[in-house]
Amino acid sequence: MSVSEPLPSPGPGAASALDPAVAALLRRTPDGLVPAIAQQYDTGEVLMLGWMDDEALHRTLTTGRCTYWSRSRGEYWVKGDTSGHVQHVRSVALDCDGDTLLVRVDQVGAACHTGDRTCFDARPLPVAPASDHSPAQ
């Protein structure tokens, strides 16, 4: 299947070609999804959070392009197919609990649908200064 062909959208919980040993490690939400944090591989910059089911993870691991499950549209989407702002996968890691993926990518262009470099650029929240108190020993 070429990158430009539309992907079928069976949705979370559908049969997948994901390696069963990998699938057994995943702790999914009740709707069959795992959060996937996209991080710029060379700078450590956190770019975005997307959602993957087993099939989206399989496609990500086997194509070298990030595939996510769009909860709002109810379909798979390959990052950059419409915008040109692709994510080339460098590595994928599963956290210690098996409930979050870290996808290190080489991001081309903006990661956020708003056009910002990351999805976290536009809304920084105020944080109180850290306390000078050390934890009790």
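These numbers come from a predicted model, not from an experiment.

Quick notes on the overall build of the protein
When helices and strands are tallied, the protein shows 2 helices and 6 strands. Its helices and strands taken in sequence order, the protein reads α-β-β-α-β-β-β-β from the N to the C terminus. Within the protein, the fraction of its 137 residues that count as buried is 34%. Expressed as a percentage of contacts within the protein between residues at least 6 apart in sequence, the contacts between residues at least 24 apart total 47%. With the model as given, the accessible surface of the protein reaches about 8400 Å², and the carbon-plus-sulfur share is 55%.

A short note on the pairing of strand 5 (residues 87-94)
As paired elements, strand 5 and strand 6 (residues 101-107) share 7 bridges and run antiparallel to each other. Bridging across to strand 6, V89 finds its partner in V105. Counting the residues in the hairpin turn of strand 5 and strand 6 gives 6 residues, including G98, whose phi is positive at 80°.

Quick notes on the pattern of salt bridges
All chains considered together, the criterion is met by 6 salt bridges. As a salt-bridge pair, R28 and D54 come within 2.8 Å of each other at their nearest N and O atoms. Note that R28 is positioned in the loop between helix 1 (20-23) and strand 1 (34-40) and D54 in helix 2 (residues 54-63), a separation of 26 residues in sequence. Classification of R28 as partly exposed rests on a relative accessible area of 34%. One salt bridge in this structure joins R90 and D106, with 3.8 Å as the shortest N-O distance.

Brief notes about the confidence of the model for the protein
For the protein, mean pLDDT is 89; residues scoring 70 or higher make up 86% of the total. In the predicted structure, residues 1-9 sits below a pLDDT of 50 and forms 15 contacts with residues beyond four places in sequence or in another chain.

Quick notes on the sheet that holds strand 6
Reading across from one edge, 2-1-6-5 is the order of the 4 strands in this open sheet, with mixed pairing throughout. Each end of this open sheet is capped by a strand with a single partner; those strands are strand 2 (46-52) and strand 5. Direction aside, the axes of adjacent strands within the sheet are offset by 25° on average. Sheet topology places strand 1 next to strand 6; 5 bridges connect them, and they run parallel. Across the sheet, I37 pairs through a bridge with L102, a residue of strand 6.

What about a nonpolar patch on the surface?
Taken together, the side chains of V46, L49 and F120 make up a nonpolar region of the molecular surface, amounting to roughly 280 Å² of accessible area. For F120, the location among the structural elements is in the segment after strand 6.

Looking at the packing of aromatic side chains
Following the criterion strictly, the structure yields 2 aromatic pairs and no others. Ring centres 5.0 Å apart and planes at 35° place the aromatic pair Y68 and W77 in the tilted group. Classification of W77 by relative accessible area gives partly exposed; the value is 23%. Aromatic side chains W69 and Y76 sit 4.9 Å apart centroid to centroid with 75° between the ring planes, which places their arrangement in the edge-to-face category.

Reading guide: rules and limits
- Residues numbered from 1 in each chain as written.
- Predicted model: local features only at pLDDT ≥ 70, side-chain atom pairs only at ≥ 80, totals over all residues.
- Heavy atoms only, no water.
- Helix = DSSP H or I, 4+ residues; strand = E, 2+ residues; numbered from the N terminus.
- Buried < 20%, exposed > 50% of the residue type's maximum accessible area, 1.4 Å probe, protein only.
- Contact = heavy atoms within 4.5 Å.
- Areas by Shrake-Rupley, 256 points an atom, 1.4 Å probe, with all protein chains shown as cover.
- Pairing = 2+ DSSP bridges.
- Salt bridge = Lys/Arg side-chain N within 4 Å of Asp/Glu carboxyl O.
- pLDDT = per-residue confidence, 0-100.
- Axes fitted to C-alpha atoms, helices over the stretch in contact; angles between N-to-C directions.
- Patch = residues over 30% accessible without salt bridge, like charges linked within 9 Å, V, L, I, M, F, W, Y side chains within 5 Å.
- Phe/Tyr/Trp six-rings, centres within 6.5 Å; stacked < 30°, edge-to-face > 60°.

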